[in-house]
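Here are the chains, one letter per residue:
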Amino acid sequence: MTDRPAGSGRSLDREAVCWDINHKTGELKRIWMTVPLSIEFPGNRMASMLMNPIRSCSVSSSWAVRFGARSLSTTAQLQAQVQTKSKKTLARPGVKNIVLVEGVRTPFLLSGTTYADLMPHDLARAALQGLLNRTGIPKDAVDYIIYGTVIQEVKTSNVAREAALGAGFSDKIPAHTVTMACISSNQAMTSSVGLIAAGQCDAVVAGGVEFMSDVPIRHSRKMRKTMLSLNKAKTLGQRLSLIGSIRLAHLSPELPAVAEFSTAETMGHSADRLAAAFGVSRVEQDEFALRSHTLAKKAQDEGLLQDVISFKVPGRDIVSKDNGIRPSSMEQMAKLKPAFVKPHGTVTAANSSFLTDGASAVLIMSEEKALAMGYKPKAYLRDFVYVSQDPKDQLLLGPTYATPKVLERAGLSMSDIDVFEFHEAFAGQIMANLKAMDSDWFAQTYMGRKSKVGTPALEKFNLWGGSLSLGHPFGATGCRLATTVANRLKKEGGQYGLIAACAAGGQTRSVPLVQRSMTRTGRHREE
């Protein structure tokens, strides 16, 4: 989308690009139209956009389903295209090559289902054991272990250490846990890259885990203070006095919520406001969610989700696949009521990611060490950036800000990228980012850029499903994204992959850049 001034005021005419499809040939045709905007955008605060939704072009119904069908039918074409490209390497003189050797994850399950009686370290341990089995790496050959998580179990606050010990790693291997909302395992990976780049380590395991089936529920503040005072009381009289001070209101628990501490707003509410600001309709969101589930189901049925390992749940059956992939219909999705902004919101349970239990793990090494141990790495981890925005009005716009920065650092453009994997927190969040990335006006007004970065080609975008369908264990999604990019690059014959993920707090966004490994030597280890 490009924008141009209309007269001397801040009101804009919007030159918008829409798409139409030839139902006989399946080809897309770009249609340009000018949509007049009479909205004023005073100042440089996103709040003005939220008060005055951007009127963008209406995308023809069923666009997401059509894009999905197109992507499902053109994989061979896409592979042929990327294989003919001659691309540069992003290796830099004097900079150590760091590679992703392998990545695995437990099946991602709806919270409250098969994993309900476990603890977070059980899932993390399963992912670590799966990585050990998949790679065959000796347990004492790893130099460091880093895990990401968001809602911590107080008994295992350093879940990385507990899971590593449970998985049988040497007790001489240090391990620590990081938390950075939905990009916690992204931070675990980039911290691993930093350790290797600094020469501190040669082999690091990074991962993430989230367990939403059993989250900590606290007593009220007054009740906690009373209980702590009871613990310190020295006489029976003091104890009886404290017990007598307890009131019924003290027993009300503090339930956890996926809400911003700084704004007290839930992420779903923020996503609904963002969708309204960018003119993303309920139909567009439902269609994108249906696309995600349809593609995920196809990938699952065709055995493309090779990062998923089987896990024998104690006392239950073996779990071998994600259970949240449920393609529906537009008619069924339309029956759902708004989940956050009622009664007129557009974000529903069907077009939002669901509460998920799961864990992931990746093996990251220096290329020299990987080859010396006989591995054939899947991809190079070339670069990354973290950016921050206003947590009130730009909470979920991280991909729009981070993508052009990492591309510029690498000297690449959007057209150079063969595989895109964006975290799908909400369908509305994805659609809003795509519209922001395709807007010259947004780039100039809010990002200080001369022009837009452009949108990812949807025939390269999240082709094996995403968080809307596969699930989103907060701390584990980052590693899933990286492993999926590496596997897709290999499958589709591409060279460059780009990952983008928004996160709570408006504090950080991560975009690691992955380049398919073209290693000259090294043998693939058999499982």
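Here, the structure is the one placed above.
Now for a look at the structure at hand. Note that this is a predicted model, so its numbers are computed, not measured.

**Here we look at the overall build of the protein**
Then, in step 1: Check the secondary structure of the protein and you find 17 helices and 15 strands.
Then, in step 2: Evaluated residue by residue, the protein yields a buried proportion of 55% over its 527 residues.
Then, in step 3: Restricting the contact set of the protein to residue pairs at least 6 apart, pairs at least 24 apart contribute 78%.
Then, in step 4: When the accessible surface of the protein is totalled, it reaches about 22,900 Å², and 53% of it is carbon and sulfur.

**A short note on helix α9 (residues 267-277)**
Then, in step 1: Judged by how many residues are buried, α9 sits mostly within the fold: nine of 11 residues are covered.
Then, in step 2: Listed in full, the buried residues belonging to α9 are M267, G268, S270, A271, D272, R273, L274, A275 and A277.
Then, in step 3: In the segment just after α9, G279 is the residue with positive phi, at about 65°.

**Remarks on the environment of V313**
Then, in step 1: Along the polypeptide, V313 turns up in the loop between β9 (311-312) and β10 (318-319).
Then, in step 2: A relative accessible area of 2% means that V313 is categorised as buried.
Then, in step 3: For the pair V313 and D117, spaced 196 residues apart in sequence, the C-alpha separation works out to 9.3 Å.

**So, helix α6 (residues 184-197)**
Then, in step 1: Its 14 residues give α6 an end-to-end C-alpha distance of 20 Å, which sits within 8% of 20 Å, the value for a rise of 1.5 Å per residue.
Then, in step 2: Restricting attention to buried positions, one finds in α6 the residues S184, S185, N186, Q187, A188, M189, T190, S192, V193 and I196.

**Quick look at the side chain of R105**
Then, in step 1: Within the secondary structure, R105 is located in strand β4 (residues 98-105).
Then, in step 2: Overall, R105 belongs to the buried group, its relative accessible area being 1%.
Then, in step 3: Here the side chain of R105 touches D322 through a polar contact of 2.8 Å, side chain to side chain.
Then, in step 4: With residues up to four places along the chain from it excluded, the contact list for R105 reads L305, D307, V308, I309, D322, A359, S360, L470 and R480.

**Here we look at the packing of α6 against helix α17 (residues 477-492)**
Axis angle and axis distance: for two packed helices, these are the angle between their axes and the distance between the axes, and together they describe the pair.
Then, in step 1: Packing of α6 against α17 leaves a shortest axis separation of 5 Å and a crossing angle of 65°. Residue-level contacts link S185, N186 and M189 of α6 to T477, G478, C479 and A482 of α17.
Then, in step 2: Counted by class, the contact of α6 with α17 contains three nonpolar, four polar and no charged residues.

**Section: unusual backbone geometry**
Then, in step 1: Here the residue pair K342 and P343 is connected by a cis peptide bond, since its omega of 5° sits within 30 degrees of zero.
Then, in step 2: Tracing the sequence through the fold places P343 in the loop between α11 (330-334) and β11 (356-366).
Then, in step 3: Positioned with a positive phi, A264 is a non-glycine residue whose angle comes to about 65°.
Then, in step 4: Mapped onto the secondary structure, A264 falls in the loop between α8 (236-244) and α9.
Then, in step 5: The class of A264 is exposed, set by a relative accessible area of 65%.

**A word on a nonpolar patch on the surface**
Then, in step 1: On the surface, L236, L240 and I243 cluster together into a nonpolar patch covering about 320 Å² of accessible area.
Then, in step 2: With respect to the element layout, I243 can be found in helix α8.
Then, in step 3: The class of I243 is partly exposed, set by a relative accessible area of 48%.

**So, the packing of aromatic side chains**
Then, in step 1: Here the structure, examined in full by the defined rule, presents 10 aromatic pairs.
Then, in step 2: Ring centres of Y115 and F311 lie 5.8 Å apart, and the angle between their planes is 50°; this geometry places the pair in the tilted category. Of this pair, Y115 sits in the loop between β5 (109-110) and α4 (120-135) while F311 sits in strand β9, and the two are 196 residues apart along the sequence.
Then, in step 3: You can call Y115 buried: its relative accessible area is 0%.
Then, in step 4: Three or more aromatic residues joined by ring pairs make a cluster, and in this case those are F278, Y401, W441, F442 and Y446.
Then, in step 5: Over the face of the ring belonging to F108 we find R105, whose NZ or CZ atom lies 4.4 Å from the ring centre.

**As for the nonpolar core**
Then, in step 1: Ranked by size, the top nonpolar core spans 50 residues in total, and within it F278, L396, L412, I417, F442 and L513 carry the most contacts.
Then, in step 2: Ranked by residues supplied to this core, first place goes to helix α14 (residues 427-437) with seven residues.
Then, in step 3: Discounting residues that sit within four places of it in the chain, L412 has contacts with K88, L90, L407, I417, Y496 and L513.
Then, in step 4: L118, L123, I137 and A175 belong to the second-largest nonpolar core, a separate cluster that totals 42 residues.

**Quick notes on the pattern of salt bridges**
Then, in step 1: Going through the model one piece at a time under the given rule, you end up with 19 salt bridges.
Then, in step 2: Salt-bridge contacts for E102 lead to R134; the nearest nitrogen and oxygen are separated by 4.0 Å. With E102 in strand β4 and R134 in helix α4, this residue pair connects regions lying 32 residues apart in the sequence. Just as E102 is buried, R134 falls in that class too.
Then, in step 3: Here R488 and E421 are joined by a salt bridge, their closest N and O atoms 2.9 Å apart. Remark: E421 occurs in strand β13 (residues 419-422) and R488 occurs in helix α17; sequence separation between them is 67 residues. Residue R488 shares its accessibility class with E421, and that shared class is buried.

Reading guide: rules and limits
- Residues numbered from 1 in each chain as written.
- Predicted model: local features only at pLDDT ≥ 70, side-chain atom pairs only at ≥ 80, totals over all residues.
- Heavy atoms only, no water.
- Helix = DSSP H or I, 4+ residues; strand = E, 2+ residues; numbered from the N terminus.
- Buried < 20%, exposed > 50% of the residue type's maximum accessible area, 1.4 Å probe, protein only.
- Contact = heavy atoms within 4.5 Å.
- Areas by Shrake-Rupley, 256 points an atom, 1.4 Å probe, with all protein chains shown as cover.
- Expected span 1.5 Å × (residues − 1).
- Polar contact = N/O pair within 3.5 Å; in protein donor to acceptor, adjacent residues only side chain to side chain.
- Axes fitted to C-alpha atoms, helices over the stretch in contact; angles between N-to-C directions.
- Nonpolar A, V, L, I, M, F, W, Y, C, P; charged D, E, K, R; others polar.
- Patch = residues over 30% accessible without salt bridge, like charges linked within 9 Å, V, L, I, M, F, W, Y side chains within 5 Å.
- Salt bridge = Lys/Arg side-chain N within 4 Å of Asp/Glu carboxyl O.
- Phe/Tyr/Trp six-rings, centres within 6.5 Å; stacked < 30°, edge-to-face > 60°.
- Lys NZ or Arg CZ within 6 Å of the ring centre and 35° of its normal.
- Core = buried A, V, L, I, M, F, W, Y, C linked by side-chain atoms within 4.5 Å.

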